[in-house]
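Here are the chains, one letter per residue:
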Amino acid sequence: MNNSDMIEQEKSVLRWGGLAGILGGAIFILSMVVALVFVPAEPPTFTELVARFPDVQILRFMENITYLLGLVLGIPLILALFFSLRKTSLAPALFGSVISIVGLIGMIVFATPHVAHSSLSEIYHTAGTTLEAQETLGLIWQAIWGVTDTPLYVGFFVGMLGFTLLGVAMFGSQDFGKGLRWVSVVLGAAGLVAALLQLIDPASDIGALSFITYIIFYFILGIKIYRLSKAS
């Protein structure tokens, strides 16, 4: 492979990584719109959640699948960031990339709770299921939410730590402006604090700040990486 081919391959890595970040951010927003606009407000009990699942099953499927796809698209973005930063800041770029991907994987594995909820709903609506059994299904539903929330909150924390390290890595590269460097570090630190508070108080809604931070990171870093592919 000659030098011009190598340069084109490097541009391709940055181009596809940047596009993945931009698309991932847009898909995250779509997931939020489905969850906040189209899915009805949750009823007061988990038993009622099981009972109404057939009415929102398609919406939950759309919400979870778009959320899953957004998480997956973060991986090529992070790899492209590492590729761009490795020559000037190898240690923080490597550790930040690995930690960020570990956080995303933790969130990816448990991104589709509707799969388990669907089977519980089928049992709930089966003829002959007693009231006591239906209430038990509500408790199992609650337990599934707890299991899926645990890696979600950990993923918020670990992912934000990784993005903060990637922001630190940018200080060694002339390709990233001073403003973007500080924005990345400050956003990562804010998301890290929000994720920590969410771990301390799982009932809090502050974890939404970490999710919003992910969206911002996807867009600003995706756009930057894509522009670098044009300037290389």
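Structural data are supplied above this passage.
Residues numbered from 1 in each chain as written. Predicted model: local features only at pLDDT ≥ 70, side-chain atom pairs only at ≥ 80, totals over all residues. Heavy atoms only, no water.

Colleague: How should I be thinking about the overall build of the protein chain in this particular structure?
Modeller: Along the protein chain, the regular secondary structure elements total 7 helices and 0 strands. N-terminal to C-terminal, the α/β element order of the protein chain is α-α-α-α-α-α-α. In terms of overall dimensions, the protein chain has C-alpha extents of about 70 × 35 × 25 Å along its principal axes. The burial tally for the protein chain puts 41% of its 232 residues in the buried class. Of the roughly 11,500 Å² of accessible surface on the protein chain, 71% is carried by carbon and sulfur atoms. Positive and negative side-chain charges of the protein chain, numbering 11 and 14 respectively, have mean locations separated by a distance of 24 Å. (Helix = DSSP H or I, 4+ residues; strand = E, 2+ residues; numbered from the N terminus. Buried < 20%, exposed > 50% of the residue type's maximum accessible area, 1.4 Å probe, protein only. Areas by Shrake-Rupley, 256 points an atom, 1.4 Å probe, with all protein chains shown as cover. Lys, Arg positive; Asp, Glu negative; His and termini not counted. Charge placed at Lys NZ, Arg CZ, Asp CG, Glu CD.)

Colleague: Got a minute to help me understand the packing of aromatic side chains in this structure?
Modeller: The geometry of two aromatic rings is summed up by the distance between their centres and the angle between their planes. Under the defined criterion, the tally for this structure stands at 9 aromatic pairs. For the pair Phe28 and Phe211, a centre-to-centre distance of 5.0 Å together with 65° between the ring planes defines the contact as edge-to-face. Highlighted residues: Phe28 in helix 1 (residues 3-38) and Phe211 in helix 7 (residues 207-231), separated in sequence by 183 residues. We note that Phe28, like Phe211, is buried. Between Phe156 and Tyr214, the ring centres sit 6.2 Å apart and the planes meet at 40°, which makes this aromatic pair tilted. Taken together, the residues span a long stretch of sequence, with Phe156 in helix 5 (residues 131-170) and Tyr214 in helix 7 at a distance of 58 residues. For the pair Phe156 and Tyr214, a shared accessibility class is recorded, and that class is buried. Counting every residue linked through ring pairs, the aromatic cluster contains Phe28, Tyr67, Phe211 and Tyr218. Over the face of the ring belonging to Phe83 we find Arg86, whose NZ or CZ atom lies 4.0 Å from the ring centre. The ring of Phe176 has Lys224 sitting right over it, with the charged end atom 6.0 Å from the ring centre. (Phe/Tyr/Trp six-rings, centres within 6.5 Å; stacked < 30°, edge-to-face > 60°. Lys NZ or Arg CZ within 6 Å of the ring centre and 35° of its normal.)

Colleague: So what exactly am I meant to see when it comes to the packing of helix 1 against helix 2 (residues 46-85) here?
Modeller: How two helices sit against one another is set out by the angle between their axes and by the gap between those axes. Direction vectors running N to C along helix 1 and helix 2 enclose 155°, while the axes themselves pass 7 Å from each other. As the angle between them shows, helix 1 and helix 2 are arranged roughly antiparallel. The crossing of helix 1 and helix 2 is left-handed. Tallied by class, the residues present in the contact of helix 1 with helix 2 amount to 20 nonpolar, 7 polar and 2 charged. (Axes fitted to C-alpha atoms, helices over the stretch in contact; angles between N-to-C directions. Parallel < 35°, antiparallel > 145°, perpendicular 65-115°, else oblique. Left-handed = near helix turned anticlockwise from the far one by under 90°. Nonpolar A, V, L, I, M, F, W, Y, C, P; charged D, E, K, R; others polar.)

Colleague: Looking at this structure, I do not really get the side chain of Ser89. What am I missing?
Modeller: Tracing the chain through its elements places Ser89 in the loop between helix 2 and helix 3 (90-109). In contact with Ser89, not counting residues within four places along its chain, are Ala169 and Gly172. (Contact = heavy atoms within 4.5 Å.)

Colleague: Sorry, what's going on with the packing of helix 5 against helix 7 here?
Modeller: Here helix 5 crosses helix 7 at 35°, and the two axes come no closer than 10 Å. Crossing of helix 5 against helix 7: the hand is left-handed. Counted together, Gly155, Phe156, Gly159, Met160, Phe163 and Met170 of helix 5 and Gly207, Ser210, Phe211, Thr213, Tyr214, Phe217 and Leu221 of helix 7 form the full contact between these two elements. Class assignment for the residues of the contact of helix 5 with helix 7 results in 8 nonpolar, 5 polar and no charged.

Colleague: Teacher, can you tell me more about the nonpolar core here?
Modeller: Considering soluble globular proteins, one finds that nonpolar side chains tend to be buried as a cluster. Membership of the largest hydrophobic core comes to 33 residues, with the highest contact counts inside it found for Phe28, Leu81, Phe163, Phe176, Tyr214 and Leu221. When residues of this core are traced back to their parent elements, those giving at least two are helix 1, helix 2, helix 3, helix 5, helix 6 (178-200) and helix 7. The dominant element in this core, judged by the number of residues it contributes, is helix 7, at 8 residues. Beyond its immediate stretch of four places on either side in the chain, Phe163 contacts Ile78, Ser100, Tyr214, Phe217 and Leu221. Counting 9 residues, the second largest nonpolar core, distinct from the first, contains Leu49, Leu137, Trp141 and Ile144. (Core = buried A, V, L, I, M, F, W, Y, C linked by side-chain atoms within 4.5 Å.)

Colleague: Would you explain the pattern of salt bridges in this entry?
Modeller: Side chains that differ in sign of charge can pair as their charged atoms come close. Across all of its chains, the model carries 3 salt bridges by this definition. One salt bridge connects Glu42 with Arg60, and the closest N-O pair in it is separated by 3.7 Å. Residue Glu42 is located in the loop between helix 1 and helix 2, and its partner Arg60 is located in helix 2; the two are separated by 18 residues in the primary sequence. Using a relative accessible area of 13% as the deciding quantity, one classes Arg60 as buried. Across the pair Arg60 and Glu63 runs a salt bridge whose closest N-O atoms are separated by 2.5 Å. Linking Arg60 with Glu63, this pair stays in helix 2, spanning 3 residues, or about one helical turn. (Salt bridge = Lys/Arg side-chain N within 4 Å of Asp/Glu carboxyl O.)

The values are spatial; any link to function lies outside them.
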